[in-house]
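For reference, the chains in residue letters:
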Amino acid sequence: MPNAVHLKTPDEIQAMRVACRLASEVLDFITPHVRVGVTTEELDRLCHAFMVEEQGTIPAPLHYCPPGHTPYPKSICTSVNHQVCHGIPGSRILKNGDSVNLDITVIKEGFHGDTSRMFCVGTPGKQARRLCDITFEALWKGIREVAPGKRLGDIGHAIQQFAEGAGFSVVREFCGHGIGRQFHEEPQVLHYGQKNTGIPLVPGMIFTIEPMINTGRRDIRQLADGWTIVTADHSLSAQWEHTLLVTETGYEVLTVSAGTPPPP
Ligand code: MF3
Ligand code: CO
Ligand code: CO
């Protein structure tokens with residue numbers, strides 16, 4: 001059953017709550033360090049040390065090697081400005097007006113928690129601010145579709161309608177995903193689509209929603225490093241990510257901690 005969606009047991013759900021909270025706490029920890037003058041590799045180094053030494057978690061990205069890729073060399077993803085996702089931390093210095101996505105995935109007791117937030121560095125430009133806000137709202141438009149009996153296409157449709165209605169575009173090559181003992185499991189959670197299509201949501205499903213939204217065209221390119229995805233037209237891109245559980249009545253956001261931004 002290679003395409004089967006694994007429904008989590010109560011014990012697995014409890015383990016996922018822990019892993020997901022820890023992932024969110026890494027973002028809380030790193031928030032005060034995301035400032036003008038810091039390099040993305042310093043953010044990686046700080047997060048790596050916090051995960052391994054303070055939390056006893058494993059950074060899932062480090063040496064992650066899906067088919068067609070070289071092993072990912074760092075412990076977090078740092079995607080700046082026109083970088084869409086999977087930006088590799090390095091010597092780049094964050095400057096006033098940059099917007100950066102930090103994407104954290106930890107493994108605790110064999111279970112993965114996956115979440116990302118946007119950070120505006122210094123004083124954000126008007127366009128960057130609006131893109132980050134609209135993308136956060138787009139994530140929540142998707143989350144609010146999550147309930148038993150709803151279908152995956154309802155999530156994608158809600159996100160696409162909202163983002164395109166705001167004048168932005170939705171990246172189609174990357175999607176949300178089931179998650180648990182595996183980093184990326186079935187199902188794929190598209191951030192665009194039609195209402196009343198796709199598989200029905202069932203209590204016990206756990207998956208991420210992680211829309212990537214561009215101010216310009218939706219087309220992307222991969223850099224020669226084999227990982228970093230950028231917008232083809234160099235327009236700004238933003239992303240937010242939560243891991244969700246489908247409950248009997250709706251959803252539970254698993255990637256929550258003290259510093260989680262409240263729903264819009
Ligand atoms: N955290 C990303 C996601 O949301 C995946 C990163 S894979 C990496 O699915 F290798 F680039 F870290
Ligand atoms: Co993810
Ligand atoms: Co992620």
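Residues numbered from 1 in each chain as written. Chains lettered and ligands numbered in written order. Predicted model: local features only at pLDDT ≥ 70, side-chain atom pairs only at ≥ 80, totals over all residues. Heavy atoms only, no water.

**Overview of the overall build of the protein chain**
Phase 1: A count of helical and extended segments in the protein chain gives four helices and 15 strands.
Phase 2: For the protein chain, the C-alpha radius of gyration of 17 Å lies close to 18 Å, the compact-globule estimate for 264 residues.
Phase 3: Here the C-alpha coordinates of the protein chain stretch approximately 45 × 45 × 35 Å along the principal axes.
Phase 4: Classification of the 264 residues of the protein chain by burial places 55% in the buried group.
Phase 5: Sequence separation of 24 or more characterises 70% of the internal contacts of the protein chain that already satisfy a separation of 6 or more.
Phase 6: Total accessible area on the protein chain is roughly 11300 Å²; 53% of this is exposed by carbon and sulfur atoms. (Helix = DSSP H or I, 4+ residues; strand = E, 2+ residues; numbered from the N terminus. Rg over C-alpha atoms; globule rule 2.2 N^0.38 Å. Buried < 20%, exposed > 50% of the residue type's maximum accessible area, 1.4 Å probe, protein only. Contact = heavy atoms within 4.5 Å. Areas by Shrake-Rupley, 256 points an atom, 1.4 Å probe, with all protein chains shown as cover.)

**With respect to the coordination of the cobalt ion (ligand 3)**
Phase 1: Listed as protein donors to the cobalt ion (ligand 3) are D103 (OD), D103 (OD), D114 (OD) and E241 (OE); their distances from the metal cover 2.1 to 2.4 Å.
Phase 2: The coordination sphere of the cobalt ion (ligand 3) comprises six donor atoms, whose angles at the metal cover 58 to 166°; the geometry is irregular.
Phase 3: If you list the donors of the cobalt ion (ligand 3) from N- to C-terminus, the spacing comes out as D-x10-D-x126-E. (Donors = N, O, S within 2.8 Å, 3.2 Å for Na, K, Ca; no water. Tetrahedral: all angles 85-135°; square planar, octahedral: opposite > 155°, others 65-115°.)

**Some words on the packing of helix α3 (residues 126-143) against helix α4 (residues 152-165)**
Phase 1: Packing of α3 against α4 leaves a shortest axis separation of 8 Å and a crossing angle of 155°. The angle between α3 and α4 falls in the class roughly antiparallel. Relative to α4, the crossing made by α3 is right-handed. Counted together, I134, E137, A138, K141 and G142 of α3 and I155, A158, I159 and F162 of α4 form the full contact between these two elements.
Phase 2: Among the residues making up the contact of α3 with α4, the classes are represented as six nonpolar, one polar and two charged. (Axes fitted to C-alpha atoms, helices over the stretch in contact; angles between N-to-C directions. Parallel < 35°, antiparallel > 145°, perpendicular 65-115°, else oblique. Left-handed = near helix turned anticlockwise from the far one by under 90°. Nonpolar A, V, L, I, M, F, W, Y, C, P; charged D, E, K, R; others polar.)

**Remarks on the site of ligand 1**
Phase 1: For ligand 1, the set of nearby residues contains 14 residues, the closest of which are D103, D114, H184, E210 and E241.
Phase 2: Contact distances for ligand 1 include 3.0 Å between a nitrogen atom and a side-chain N or O atom of D103.
Phase 3: Contact with the protein chains hides 97% of the accessible area of ligand 1, taken as 340 Å² for the molecule alone.
Phase 4: In terms of residue class, the shell around ligand 1 is built from six nonpolar, four polar and four charged. (Near = heavy atom within 4 Å. Polar contact = N/O pair within 3.5 Å; in protein donor to acceptor, adjacent residues only side chain to side chain.)

**A word on the coordination of the cobalt ion (ligand 2)**
Phase 1: Taken together, the protein donors to the cobalt ion (ligand 2) comprise D114 (OD), H177 (NE2), E210 (OE) and E241 (OE), at separations of 2.0 to 2.2 Å.
Phase 2: Classification of the site at the cobalt ion (ligand 2) as irregular follows from its six donor atoms and the range of 50 to 162° in their angles at the metal.
Phase 3: Binding-site remark: the cobalt ion (ligand 2) is held by donors from one chain whose sequence spacing is D-x62-H-x32-E-x30-E.
Phase 4: A separation of 3.3 Å is found between the cobalt ion (ligand 2) and the cobalt ion (ligand 3), both of which receive a donor from D114. Of the two residues, D114 is situated in strand β5 (residues 111-120) and H177 in strand β7 (residues 176-178); the sequence distance between them amounts to 63 residues. Just as D114 is buried, H177 falls in that class too.

**Quick word on the sheet that holds strand β13 (residues 237-239)**
Phase 1: Reading across the sheet, the three strands line up as β6-β10-β13 and stay open at both edges, with antiparallel pairing between neighbours. Two strands lie at the open edges of the sheet, namely β6 (169-170) and β13, each paired on one side alone.
Phase 2: In terms of strand pairing, β6 meets strand β10 (residues 212-214) through two bridges, oriented antiparallel. Bridging across to β10, V170 finds its partner in I213.
Phase 3: Across the sheet, α3 is in contact with β10 and β13; its angle to β13 comes to roughly 35°. (Pairing = 2+ DSSP bridges.)

**Considering the pattern of salt bridges**
Phase 1: Summed over the entire model, instances satisfying the criterion amount to nine salt bridges.
Phase 2: For R129, the salt bridge goes to D133, with nearest N and O atoms at 3.2 Å. Of this pair, R129 and D133 are both found in helix α3, four residues apart, which corresponds to roughly one turn of the helix.
Phase 3: Residue classification places D133 among the partly exposed residues on the basis of a relative accessible area of 37%.
Phase 4: In this structure, K150 engages E145 in a salt bridge whose closest nitrogen and oxygen atoms are separated by 2.7 Å.
Phase 5: Exposure remark for K150: the relative accessible area of 29% places this residue in the partly exposed category. (Salt bridge = Lys/Arg side-chain N within 4 Å of Asp/Glu carboxyl O.)

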